[in-house]
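The lines below spell out each chain.
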Amino acid sequence: MKLIFLGPPGAGKGTLATLVAAEYKIPHISTGDIFRTAIRNKTPLGLKVQSIIDSGQLVSDDITIELVQNRLMEDDIGGGFILDGFPRTIPQAEALERIIDIDRVINFDISDEDVIARLSGRRMCKNCGQNYHMVFSKPAVENVCDKCGGELIIREDDKIDSIKKRLEVYRKQTAPLIDHYKKQDKLTDIDARPQAE
Ligand code: AP5
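Given the structure is predicted, the values throughout are model-derived calculations rather than measurements.

Engineer: Mind showing me how you'd approach the environment of Ile82 here?
Structural biologist: With respect to the helices and strands, Ile82 occurs in strand S3 (residues 81-84). It is 22 Å that separates the C-alpha atoms of Ile82 and Arg118, two residues lying 36 residues apart in sequence. For Ile82, the residues in contact, after removing those within four places along its chain, are Leu3, Phe5, Ala17, Val20, Ala21, Ile26, Pro27, His28 and Ile29.

Engineer: Is there a simple way to think about the environment of Arg155 in this case?
Structural biologist: With respect to the helices and strands, Arg155 occurs in the loop between strand S7 (152-153) and helix H7 (160-174). With 30 residues separating them along the chain, Arg155 and Cys125 place their C-alpha atoms 9.4 Å apart. Not counting chain neighbours up to four residues away, the residues in contact with Arg155 comprise Arg36, Arg122, Met124 and Arg166. Among the polar contacts listed, one links the side chain of Arg155 to the side chain of Asp157, at a separation of 2.9 Å.

Engineer: Just to check I follow, could you spell out the packing of helix H5 (residues 90-99) against helix H8 (residues 176-183) for this structure?
Structural biologist: Geometrically, a packed helix pair is captured by the angle between its two axes and the distance between the axes. Packing of H5 against H8 brings their axes to within 10 Å, and their N-to-C directions diverge by 35°. Here H5 contributes Ile90, Ala93 and Glu97 to the contact with H8, which in turn contributes Pro176, Leu177, His180 and Tyr181.

Engineer: Is there a simple way to explain unusual backbone geometry in this structure?
Structural biologist: Negative phi is the rule for most residues except glycine; trans is the rule for most peptide bonds. A cis geometry characterises the amide bond from Phe86 onward to Pro87, with omega recorded as -5°. You can see Pro87 is positioned in the loop between S3 and H5. Its identity as a non-glycine residue notwithstanding, Asn143 has a phi of 65°, on the positive side. Its place among the elements puts Asn143 in the loop between strand S6 (131-133) and S7. With a relative accessible area of 40%, Asn143 lands in the partly exposed category.

Engineer: Looking at this model, I keep getting lost on the site of the ligand. Mind explaining?
Structural biologist: In the region of the ligand, 33 residues are neighbours, and Thr15, Gln57, Arg88, Arg122 and Arg166 sit closest. At a separation of 3.1 Å, an oxygen atom of the ligand approaches a polar backbone atom of Ala11. The backbone of Tyr132 places a nitrogen or oxygen atom 2.9 Å from an oxygen atom of the ligand. Secondary structure elements with two or more residues in the shell around the ligand: helix H1 (13-24), helix H2 (31-40), helix H6 (112-121) and S6. The greatest single-element share of the shell around the ligand, amounting to 4 residues, is contributed by H2. Class assignment of the residues belonging to the shell around the ligand gives a composition of 13 nonpolar, 13 polar and 7 charged.

Engineer: Got a minute to help me understand the sheet that holds strand S1 (residues 2-6) in this structure?
Structural biologist: Each strand in a sheet pairs with another by means of backbone hydrogen bonds, the pair being arranged parallel or else antiparallel. In spatial order, the strands read S2-S3-S1-S4-S8; together these 5 strands make up an open sheet with parallel pairing. One side of each edge strand has no neighbouring strand; the edge strands of this open sheet are strand S2 (28-30) and strand S8 (187-191). For this sheet, the mean angle separating the axes of adjacent strands, direction not counted, is 25°. Note that S2 and S3 share 3 bridges and pair parallel. Directly across from Ile29, in S3, lies its bridge partner Leu83. Packed onto the sheet, H1 meets S1, S2, S3, strand S4 (104-109) and S8 and runs at close to 170° relative to S3.

So, how was this worked out
- Residues numbered from 1 in each chain as written.
- Predicted model: local features only at pLDDT ≥ 70, side-chain atom pairs only at ≥ 80, totals over all residues.
- Heavy atoms only, no water.
- Helix = DSSP H or I, 4+ residues; strand = E, 2+ residues; numbered from the N terminus.
- Contact = heavy atoms within 4.5 Å.
- Polar contact = N/O pair within 3.5 Å; in protein donor to acceptor, adjacent residues only side chain to side chain.
- Axes fitted to C-alpha atoms, helices over the stretch in contact; angles between N-to-C directions.
- Buried < 20%, exposed > 50% of the residue type's maximum accessible area, 1.4 Å probe, protein only.
- Near = heavy atom within 4 Å.
- Nonpolar A, V, L, I, M, F, W, Y, C, P; charged D, E, K, R; others polar.
- Pairing = 2+ DSSP bridges.

The quantities given are spatial measurements derived from coordinates; they are silent on function.
The following block contains the structure:
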């Protein structure tokens, strides 16, 4: 099962991908998580992409494609995988088609209002990157990560100006992928509005 999770920022792709990947024991490959780990560890990649990500822009296709290409060469992808946040542009989709065949693309359908509600309430663990939501998915102890005890922070790109920029970038550069995969008969739309339990 080789899947792509496609959708606007804050649609719940990462939350659902974590559950599906655990259920089917396949890797969850999130380009956003890979970049954020690089930023936390202050690697050369992290230093290069930090300001781009904080402002809500996309990292260049060259960097992102190389990253995913390398990840897809690792030993654990034989039983399938979920790509979360990649591809995000037509050139990325075309590059992926030269690397590997995808079975299905799950398109998360959600309004801008719901996106803003989710992202403005999101908190992330500073140490391990685990996500929470102040209303929909609270930690047991306020501002403390259930998994590692780390402090919860607001992602720099979850500030309102960055959220607006990310929605604009999504519409311009990522939404055309919906038609791209529809034409290949690979698209399944899901209603991403129902609230997580
Ligand atoms: P990335 O991390 O991929 O950001 P994104 O696509 O904007 O997605 P998010 O992580 O914001 O949201 P999500 O859909 O995963 O929602 P989540 O499950 O967390 O990328 C970050 C940046 O990296 C990009 O802006 C770009 O700069 C760069 N980048 C990454 N990939 C790239 C690429 N391919 N090319 C170029 N640049 C790239 O949920 C959000 C919140 O809602 C959480 O608080 C959660 O608890 C809550 N929630 C989730 N589901 C529900 C639900 N059903 N009901 C209620 N609350 C819910």
